[in-house]
Amino acid sequence: MKLSSISLKLIKAPLKRPFKTHLGTVSDREVIIVEAIDEDGLVGYGEAVPFTSPWYTEETTKTCFHMLDDFLIPLTLASQIGHPDELPNLWSGIRRNAMAKSALEQAILDLYAKQKGVYLGRLFGGERSEVAAGVVIASNDIEDAMRQIEDFSGSGYQRYKIKINPQNDLDFLAEIRRAYPDIPLMADANSAYTLDDIPHLQKLDDFKLMMIEQPLGHDDIVEHSFLQKQLQTPICLDESINSFHDAKSALSLQSCGVINIKMAKVGGWMEAVRIHDLCLGNDVPVWCGGMIEFGISRAHNIALASLKGFTIPGDISSSSRYWDGDIIDPEVIVENGMIQVPDKAGIGFAINEKRLKELTTYSKLYK
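Since this is a predicted model, take the numbers as computed values, not measurements.

**A few points about the domain arrangement of the chain**
Splitting the chain by domain gives domain 1 (5-119 + 351-361) and domain 2 (122-346). Taken together, the contacts link 45 residues of domain 1 with 54 residues of domain 2. Between domain 1 and domain 2 lies a buried interface of about 4200 Å² when both sides are counted; carbon and sulfur atoms form 66% of it. Applying the counting rule to domain 1 against domain 2 returns one salt bridge. With a shortest N-O distance of 3.2 Å, Arg17 and Asp144 are connected by a salt bridge. In this structure, the connection of domain 1 to domain 2 is made through 20 residue pairs in polar contact (both at pLDDT 80 or more). Every element with two or more residues in the side of domain 1 that touches domain 2 is listed here: strand S1 (3-21), strand S2 (24-38), strand S3 (43-48), helix H3 (98-116) and helix H13 (353-359).

Quick look at the structure:
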């Protein structure tokens, strides 16, 4: 496949509602849109989703743009790859920077799928015609959290994730379970606990949670192995799964019962699929995590979640969850807890060029 050019667009928009965790609050979202263009003018799209500060990963919007601008894009255009599966080896000399790599790989794979006239998910064995949707309740106020659950229940979301920390967890979960005793509920700790909190964490078993996500250190696998043996509730690893090797280590140590696969965080489609296949072969359920993304990343996540092993509803909510207007057409809609998987070529969604232009703050073209 021959690339004639690649472009980067920096876009920014306010969230409809601030996204709050104990790590901080996100009120505006800035991402990088990557466009891979072939000689016939066909365009593939990817989305780089780091945050503007390194509170979640070491990558930021600025560092990601730098890696794409100075390294990944020049290397890719100079090499003129024959097939997207050559990309991991081509980029092997550039360590980490997973979100930058993921965005460029997404764009090239979208373009490749469009050239082949096939839906992107099908290239990797995707078989679902619809995917189950979950939603994140991110608030430090219990009354606000309860209102969010009530509002989102109208769309039939099949899993609710509440952000917790040692100061609010018991009160939040008790109040939610009092009002909603049967909803599929999980708790995301974002590394708020230590092994000293084991007696406290054991109290969470009473709430019959689907899982507790990343209770311990963001880069830990070993201590989670010890903690999992002390809990009835399955542990889900997120922040500490950044590669196939991380996932293999976690399964070998029995550090978790569930894995959250975030394509952006593990470096793209091919690494995400390797992790999926590993978990599927070991009967470990996976789900697709979100990054408060716009529609292009959301479309890639829908395609990924169409694979067989994604048996738990992911963080793939409606576009209207965050945005007054998304950059894809049609926007993602959750109905009766499900999202329809498109069947058009590539990511299956068109780009709302007008909205994309409105949100673009900077652009650069590479040839």
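**As for the sheet that holds S2**
One open sheet accounts for four strands, arranged S3-S2-S1-S15; its pairing is antiparallel. The sheet terminates laterally at S3 and strand S15 (360-366), the two strands that pair on one side only. Neighbour-to-neighbour, the strand axes of this sheet turn through a mean angle of 20 degrees, independent of strand direction. In this sheet, S3 lies alongside S2 in antiparallel orientation, the contact comprising six bridges.

**Focus: the environment of Phe349**
Locating Phe349 in the fold gives a position in the loop between strand S13 (338-340) and strand S14 (350-351). C-alpha separation for the pair Phe349 and Ile296, spaced 53 residues apart in sequence, amounts to 8.2 Å. Look past the residues within four positions of Phe349 in its chain and what remains in contact with it is Ala299, Ile302, Ile328, Asp329, Pro330, Val332 and Pro342.

**Overview of the sheet that holds strand S10 (residues 258-261)**
Pairing in this open sheet of seven strands is parallel, and the strands run S5-S6-S7-S8-S9-S10-S11 from one edge to the other. Lying at the two open borders of the sheet, with one neighbouring strand each, are strand S5 (135-137) and strand S11 (286-288). Inspection of the sheet shows strand S9 (residues 235-237) paired to S10 by two bridges, in the parallel sense. By the bridge assignment for S10, Cys236 is matched with Val258.

**Topic: the pairing of S2**
With eleven of 15 residues buried, S2 lies mostly within the body of the structure. Pairing geometry for S1 and S2, over 14 bridges, is antiparallel. Each residue of the ladder has a partner; that of Phe19, found in S2, is Val26. With antiparallel pairing between neighbouring strands as the criterion, S1 and S2 make up a hairpin whose turn holds two residues. Linking two consecutive strands that pair antiparallel, namely S2 and S3, is a turn of four residues; a positive phi of about 85 degrees is found at Gly41 within it.

Reading the values: the criteria
- Residues numbered from 1 in each chain as written.
- Predicted model: local features only at pLDDT ≥ 70, side-chain atom pairs only at ≥ 80, totals over all residues.
- Heavy atoms only, no water.
- Domains from an automatic or database assignment.
- Contact = heavy atoms within 4.5 Å.
- Buried area = accessible area lost by both parts, 1.4 Å probe.
- Salt bridge = Lys/Arg side-chain N within 4 Å of Asp/Glu carboxyl O.
- Polar contact = N/O pair within 3.5 Å; in protein donor to acceptor, adjacent residues only side chain to side chain.
- Helix = DSSP H or I, 4+ residues; strand = E, 2+ residues; numbered from the N terminus.
- Pairing = 2+ DSSP bridges.
- Axes fitted to C-alpha atoms, helices over the stretch in contact; angles between N-to-C directions.
- Buried < 20%, exposed > 50% of the residue type's maximum accessible area, 1.4 Å probe, protein only.

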